[in-house]
Amino acid sequence: MKPSRSYALLLLFVIATQSLISITTTSTAAATDDIVKDSKGKKVLNNVPYHIGPVIPAMGYHIKLTNTMDNKKICPFNVVQDPSDNLGGQFMFTLVGNFDDKYLHTSSILGIDSGYPKGECEESTFWTIPDVEEPPPSNLITTGGGFDKSFTCFQVVEYPTPTSPEVPSYMLQHCPSFCGAGPQTCFNISIYVDNGVRRLSSADATPFELVFYKVKETHDSM
Ligand SMILES: *[C@@H]1O[C@H](CO)[C@@H](O)[C@H](O)[C@H]1NC(C)=O
């Protein structure tokens, strides 16, 4: 009697563990397979320009670069949210060490590129946070960083409490140690109001909820 009963218990234990393992692996696979979607629910492409902005585009407040602060020309540029802009700049999200991947995935490491330098400012166009652990202006986002460096290392994460169930929304995190030496943690990207200008920064824990908007092209058939 005794041996068979403990055998049955062992069997039960094995089955329970097995199903637990399979549950865990399925959920991890689902998480790593999470492809970032644009405002229309289409897959967001790696290294292709998108506009980024709030959930309701008609409200304005899209993200763009500015070359002027306090009526003075600046270089590198600042990354700002403009209340009067319902289109914004175009930004490429470029996966680090994964050039063959066609789409962005949540939690994959990437650089954010504003494209070819325009005008006199010839600093690099990758978004960077000069010093994430220092107060503003050090932790405000500017252009001028190099690709695949700790200062320019970001990831896109699903927004935990989306405003609209129909619109896929995300937040950005700056994760220095994923690309090089730096703090072993990720910092939420939020809006910081700098002399009346809304700038992207790691200054605040409350993340900025953003949506990817496809750039309209006249010859576009997708
Ligand atoms: C980042 O934002 C999320 C969602 O609001 C929050 O739960 C988390 O605590 C924040 N993380 C940090 C490090 O501030």
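Scroll up to find the structure.
Residues numbered from 1 in each chain as written. Predicted model: local features only at pLDDT ≥ 70, side-chain atom pairs only at ≥ 80, totals over all residues. Heavy atoms only, no water.

1. Considerations on the nonpolar core
Core analysis: the biggest nonpolar cluster contains 28 residues, and Phe-93, Trp-127, Leu-200 and Phe-212 have the highest contact counts within it. The set of elements that each furnish at least two residues to this core consists of strand 1 (49–53), strand 4 (91–95), strand 5 (109–113), strand 8 (154–158) and strand 9 (170–174). Per element, the largest residue contribution to this core is three residues, and it comes from strand 4. Setting aside anything within four residues of it in sequence, one finds Leu-200 in contact with Ile-63, Val-79, Trp-127, Leu-140, Ile-141, Ile-189, Ser-190, Ile-191 and Phe-208. (Core = buried A, V, L, I, M, F, W, Y, C linked by side-chain atoms within 4.5 Å. Buried < 20%, exposed > 50% of the residue type's maximum accessible area, 1.4 Å probe, protein only. Helix = DSSP H or I, 4+ residues; strand = E, 2+ residues; numbered from the N terminus. Contact = heavy atoms within 4.5 Å.)

2. Concerning the site of the ligand
All residues adjacent to the ligand are Pro-160, Met-171, Asn-188, Ala-205 and Pro-207. A distance of 2.3 Å separates an oxygen atom of the ligand from a polar atom in the side chain of Asn-188. Compared with its free state, where it exposes 360 Å², the ligand has 46% of that area covered by protein. (Near = heavy atom within 4 Å. Polar contact = N/O pair within 3.5 Å; in protein donor to acceptor, adjacent residues only side chain to side chain. Areas by Shrake-Rupley, 256 points an atom, 1.4 Å probe, with all protein chains shown as cover.)

3. A closer look at the packing of aromatic side chains
Scanning the model with the defined rule gives six aromatic pairs in all. Relative to Phe-147, the ring of Phe-126 lies with its centre 5.3 Å away and its plane at 35 degrees, an arrangement referred to as tilted. Taken together, the residues Phe-126 in strand 6 (residues 126–128) and Phe-147 in the loop between strand 7 (142–145) and strand 8 connect sequence positions 21 residues apart. On the accessibility criterion, Phe-126 (14% relative accessible area) is buried. Between the aromatic rings of Trp-127 and Phe-154, the centroid separation amounts to 6.5 Å while the plane-to-plane angle is 90 degrees, which identifies the pairing as edge-to-face. Of this pair, Trp-127 sits in strand 6 while Phe-154 sits in strand 8, and the two are 27 residues apart along the sequence. Here Trp-127 matches Phe-154 in class, with each residue buried. Ring pairing ties together the aromatic residues Tyr-50, Phe-93, Tyr-170 and Phe-212, which thus form one cluster. (Phe/Tyr/Trp six-rings, centres within 6.5 Å; stacked < 30°, edge-to-face > 60°.)

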